[in-house]
Amino acid sequence: MSLKKRPVGVVSLGEVPEIALKVIAAHISGYFNLSVQILPPLEHPEYAFDKRRFQYNAGIIIKAFESKRFTDYDKVIGVLNADLFIPIFTHVFGEAKQGGKFALVSMFRLGKDPDGSPSPSSLIYERVAKVALHELGHLFNLLHCREKKCLMHFSGGIQDLDETPIYLCRYCSTFFKDRLLLGSDKEESLKQPDKIPLDLFGSEERFRQ
Ligand SMILES: [Zn+2]
Ligand SMILES: [Zn+2]
């Protein structure tokens, strides 16, 4: 399956535990059978800080990524430890442009359980891996899935994220494999019909009821 494709790049933006990058890389290669490379770190995206919200604008960071191009890589996932938002949501765990090249994963809200107590690191890294694979799914044109037992199901909070499995349902898995086999030149023809807003594990759910 698409072994000749350029690899997926994983890059930290500012201080991120190295193990988080390794966990993401291992999951991408293990679950999606893609080659992965961890890239030299980039700077913390201070340029995207919003003084009114005390958060970082995910769209601005992705735009900055686009200007760097990363031509040796098919997809690039940036990992950071900053609170991300997109204008219509209170926060997001990750962000990706549908069918695009760049995605973000934020560890900022992944370290605590729903009751506010600190989570064990094994659980934190499982969440990081889930958000990264989910965002990568968006980059490969997957949209949100109605099936609760699917990685592409959207989540409104950390509890939803913990209940979301790390695997794709049969439908999404088939779509994903087809997408990989056909290659990016066929991207347009494979777009799923209904457009759903970009991000995922944020507070988007209430906007879609
Ligand atoms: Zn699915
Ligand atoms: Zn999503």
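Bear in mind the structure is a predicted one, so any value in this text is a computation, not a measurement.

1. Some words on the coordination of the zinc ion (ligand 1)
- At the metal site, the zinc ion (ligand 1) is ligated by Cys145 (SG), Cys150 (SG), Cys169 (SG) and Cys172 (SG), and these contacts range over 2.3 Å.
- Taken together, the four donor atoms surrounding the zinc ion (ligand 1) define angles of 107 to 115 degrees at the centre, an arrangement classified as tetrahedral.

2. Some details on the confidence of the model for the chain
- Within the chain, residue pLDDT values average 87, and 85% of them lie at 70 or more.
- Mean pLDDT values over the elements of the chain span from 90, in helix H5 (residues 170–182), up to 98, in strand S2 (residues 36–38).
- A low-confidence stretch, residues 185–209 stays under pLDDT 50, and its non-local contacts, those more than four residues away or across chains, total 70 contacts.

3. With respect to unusual backbone geometry
- Notably, Phe70 is not glycine yet its phi reads approximately 50 degrees, a positive angle.
- Residue position: Phe70 is located in the loop between helix H2 (58–68) and strand S5 (75–80).
- Despite not being glycine, Asn141 has its phi angle at roughly 75 degrees, a positive value.
- Judged by its relative accessible area of 1%, Asn141 is buried.

4. Things to note about the coordination of the zinc ion (ligand 2)
- The protein atoms that coordinate the zinc ion (ligand 2) are His134 (NE2), His138 (NE2) and His144 (NE2), at distances of 2.0 to 2.1 Å.
- Of note, the donors binding the zinc ion (ligand 2) are all from one chain and are spaced H-x3-H-x5-H. One end of the pair, His134, is in helix H3 (residues 121–139); the other, His144, is in the loop between H3 and helix H4 (158–163), with ten residues separating them in the sequence.
- For His134, a relative accessible area of 0% corresponds to the buried category.
- Judged by its relative accessible area of 10%, His144 falls in the buried class.

5. Remarks on the pairing of S5
- A large share of S5 lies buried, amounting to six of its six residues.
- Side chains of S5 alternate between two faces, with Lys75, Ile77 and Val79 and Val76, Gly78 and Leu80 buried alike.
- Direction of pairing for strand S1 (residues 8–13) relative to S5: parallel, over a ladder of six bridges. Paired with Ser12 across the strands is Val79, a residue of S5.
- Strand direction decides the pairing type here: S5 and strand S8 (residues 102–106), joined by five bridges, are parallel. Bridging across to S8, Gly78 finds its partner in Leu104.

6. Observations regarding H3
- Here H3 spans 27 Å end to end across 19 residues, near enough to the 27 Å set by a 1.5 Å rise per residue.
- The element H3 is largely enclosed, with a buried count of 15 among its 19 residues.
- Backbone geometry just after H3 places Asn141 at a positive phi near 75 degrees.

What counts, and at which threshold
Residues numbered from 1 in each chain as written. Chains lettered and ligands numbered in written order. Predicted model: local features only at pLDDT ≥ 70, side-chain atom pairs only at ≥ 80, totals over all residues. Heavy atoms only, no water. Donors = N, O, S within 2.8 Å, 3.2 Å for Na, K, Ca; no water. Tetrahedral: all angles 85-135°; square planar, octahedral: opposite > 155°, others 65-115°. pLDDT = per-residue confidence, 0-100. Helix = DSSP H or I, 4+ residues; strand = E, 2+ residues; numbered from the N terminus. Contact = heavy atoms within 4.5 Å. Buried < 20%, exposed > 50% of the residue type's maximum accessible area, 1.4 Å probe, protein only. Pairing = 2+ DSSP bridges. Expected span 1.5 Å × (residues − 1).

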